[in-house]
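# Chain and residue survey
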Amino acid sequence: MSEAPLLAVEHLSRRYRLPRAHLLAPAPEIHALTDVSFTLQAGRSLGVVGESGSGKSTLARLVMALEAPSQGRVLLDGVDLQALGPAALRQARRKLQMVFQDPYGSLDPRRKIGRTVAEPLAVLHGASAAEQRERTAEALDAVGLRATDADKYPHEFSGGQRQRIAIARALITRPRLIVADEPVSALDVSVQAQVLNLMQDLQDRFGITYLFISHDLAVVSLVCDEVLVLQHGRIVEQGPPARLFTAPEHAYTRTLLAAVPGAPQSAPSAG
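Residues numbered from 1 in each chain as written. Predicted model: local features only at pLDDT ≥ 70, side-chain atom pairs only at ≥ 80, totals over all residues. Heavy atoms only, no water.

When helices and strands are tallied, the protein shows 9 helices and 10 strands. The C-alpha atoms of the protein give a radius of gyration of 20 Å, which matches the 18 Å a tight globule of 271 residues would have. Projecting the C-alpha coordinates of the protein onto the three principal axes gives extents of approximately 60 × 50 × 50 Å. For the protein, the proportion of its 271 residues judged to be buried stands at 47%. A fraction of 66% describes how many contacts in the protein between residues 6 or more apart in sequence connect residues 24 or more apart. Taken as a whole, the protein presents about 13,300 Å² of accessible surface, with 51% of it coming from carbon and sulfur. Of note, the protein has its 29 positive side-chain charges centred 6 Å away from the centre of its 28 negative side-chain charges. (Helix = DSSP H or I, 4+ residues; strand = E, 2+ residues; numbered from the N terminus. Rg over C-alpha atoms; globule rule 2.2 N^0.38 Å. Buried < 20%, exposed > 50% of the residue type's maximum accessible area, 1.4 Å probe, protein only. Contact = heavy atoms within 4.5 Å. Areas by Shrake-Rupley, 256 points an atom, 1.4 Å probe, with all protein chains shown as cover. Lys, Arg positive; Asp, Glu negative; His and termini not counted. Charge placed at Lys NZ, Arg CZ, Asp CG, Glu CD.)

Structure, rendered in structure tokens:
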């Protein structure tokens, strides 16, 4: 009998209403996601790749229960997040955290980073000041920074270090799932590699599960066990990165692959 997945997304759809053209006109809708389903086992990494507007960030918000789906469910450890009341959802959020694209934009420039890193622990766990200091030092050490860095401000760090701080903030609640939304796209190529290696090391150490969202097929191929390709809010292809790189089945996947420098260019499949 196979193990139940940590995350199960079932027939997820999200529609947004747009402003009416005039008073009597029906409100038009945008279909950001349509009938998206997948599972993610604990300790594994799933990449979601697609161009801007493909629905990637909408999917991230729905998985984090920051928005409600128009249809479908997001199950974390078998529990439908949208079916939970505020107190139960608060408890469930201890298990999942998010890392955003812009490390500087996700950090309050007026706060020392120790306070920023500790904030989820204070909000979700009600931890004492002493526990917050101890866990902050542990989280900073885990991402290759020093405990004394807690007394510094975001502008005192490089872009790569700021993303390490953002990862430390996500780690501090010891989550089971981290949703990483374009976590290296704002970084230089050399720094990208450092951050990706760090995320893999943390996965090995702590058993973290990643939902890794990117527009770059090459990036997700480095860190993910499985990749799904989104186009216009629909999954058009899914499989292990090695297969997608060598034998992509969908024309859109081949388009994404063509944008990867040095990637093998496969012939179009029949049909």
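Quick look at the sheet that holds strand β1 (residues 7-17) now. Sheets are built from strands paired through backbone hydrogen bonds, the pairs being either parallel or antiparallel. Overall, antiparallel pairing links the 4 strands, which are arranged β2-β1-β4-β5 in an open sheet. The open sheet has two edge strands with one neighbour each: β2 (29-40) and β5 (79-80). Strands β1, β2 and β4 (71-76) of the sheet are contacted by helix α1 (residues 56-63), whose axis makes an angle of about 115° with β1. (Pairing = 2+ DSSP bridges. Axes fitted to C-alpha atoms, helices over the stretch in contact; angles between N-to-C directions.)

The next point concerns helix α9 (residues 251-258). Within the sequence span of α9, burial applies to Tyr 252, Thr 253, Arg 254, Leu 256 and Leu 257. Against β3 (45-49), α7 (217-223), β9 (226-231), β10 (234-239) and α8 (241-246) lie the buried residues of α9.

Here the focus is the environment of Leu 257. Within the element layout of this structure, Leu 257 appears in helix α9. Considering only alpha carbons, one finds Leu 257 and Phe 245, 12 residues apart in sequence, at a separation of 6.9 Å.

Turning our eyes to something else, we now look at the layout of surface pockets. The space that makes up the second largest pocket amounts to roughly 220 Å³. Taken together, Arg 135, Glu 138, Ala 139, Ala 142, Leu 171, Ile 172, Arg 174, Pro 175, Arg 205, Phe 206 and Ile 208 form the lining of the second largest pocket. Secondary structure elements with two or more residues in the lining of the second largest pocket: α4 (129-142) and α6 (189-206). Looking at the lining of the second largest pocket, the element that brings in the most residues is α4, giving 4 residues. Grouping the amino acids of the lining of the second largest pocket by side-chain chemistry returns 7 nonpolar, no polar and 4 charged. (1 Å grid on protein atoms, 1.4 Å probe; cavity = no way out; pocket = protein on both sides within 12 Å on 5 of 7 lines; lining within 4 Å. Points joined across faces, edges and corners; volume = space filled by probe spheres on them. Nonpolar A, V, L, I, M, F, W, Y, C, P; charged D, E, K, R; others polar.)

This part takes up the nonpolar core. Membership of the largest hydrophobic core comes to 46 residues, with the highest contact counts inside it found for Val 143, Ile 167, Leu 171, Leu 202, Phe 212 and Leu 217. With 6 residues, α6 is the largest single contributor of residues to this core. Setting aside anything within four residues of it in sequence, one finds Val 143 in contact with Arg 164, Ile 167, Ala 168, Leu 171, Leu 198 and Leu 202. If you look at the next biggest cluster of nonpolar residues, it comprises 29 residues, including Val 48, Val 63, Leu 81 and Ala 92. (Core = buried A, V, L, I, M, F, W, Y, C linked by side-chain atoms within 4.5 Å.)

Once that is clear, we can look at the pattern of salt bridges. Going through the model one piece at a time under the given rule, you end up with 18 salt bridges. One salt bridge in this structure joins Arg 17 and Glu 29, with 3.8 Å as the shortest N-O distance. One end of the pair, Arg 17, is in strand β1; the other, Glu 29, is in strand β2, with 12 residues separating them in the sequence. Take Arg 17: its relative accessible area is 61%, and that puts it in the exposed class. Measuring nitrogen to oxygen at the nearest pair gives 3.2 Å for the salt bridge that ties Asp 149 to Lys 152. For Asp 149, a relative accessible area of 3% corresponds to the buried category. Overall, the relative accessible area of 26% leaves Lys 152 in the partly exposed class. Within this structure, Asp 108, Arg 110, Arg 111, Glu 119 and Arg 169 form a network of salt bridges that share partners. (Salt bridge = Lys/Arg side-chain N within 4 Å of Asp/Glu carboxyl O.)

Here the focus is the confidence of the model for the protein. In this model, the protein carries an average pLDDT of 88, and 94% of its residues clear a pLDDT of 70 or more. Confidence drops under a pLDDT of 50 for residues 267-271, and excluding neighbours within four residues, the segment shows 4 contacts in the predicted structure. (pLDDT = per-residue confidence, 0-100.)

Reading across from one edge, β6-β7-β8-β3-β9-β10 is the order of the 6 strands in this open sheet, with mixed pairing throughout. The open sheet is flanked by β6 (96-99) and β10, the only strands paired with a single partner. Put simply, the sheet's adjacent strands are angled 20° from each other on average, direction ignored. As judged from the 5 bridges shared by β3 and strand β8 (residues 209-214), these two strands associate in the parallel manner. Directly across from Gly 47, in β8, lies its bridge partner Phe 212.

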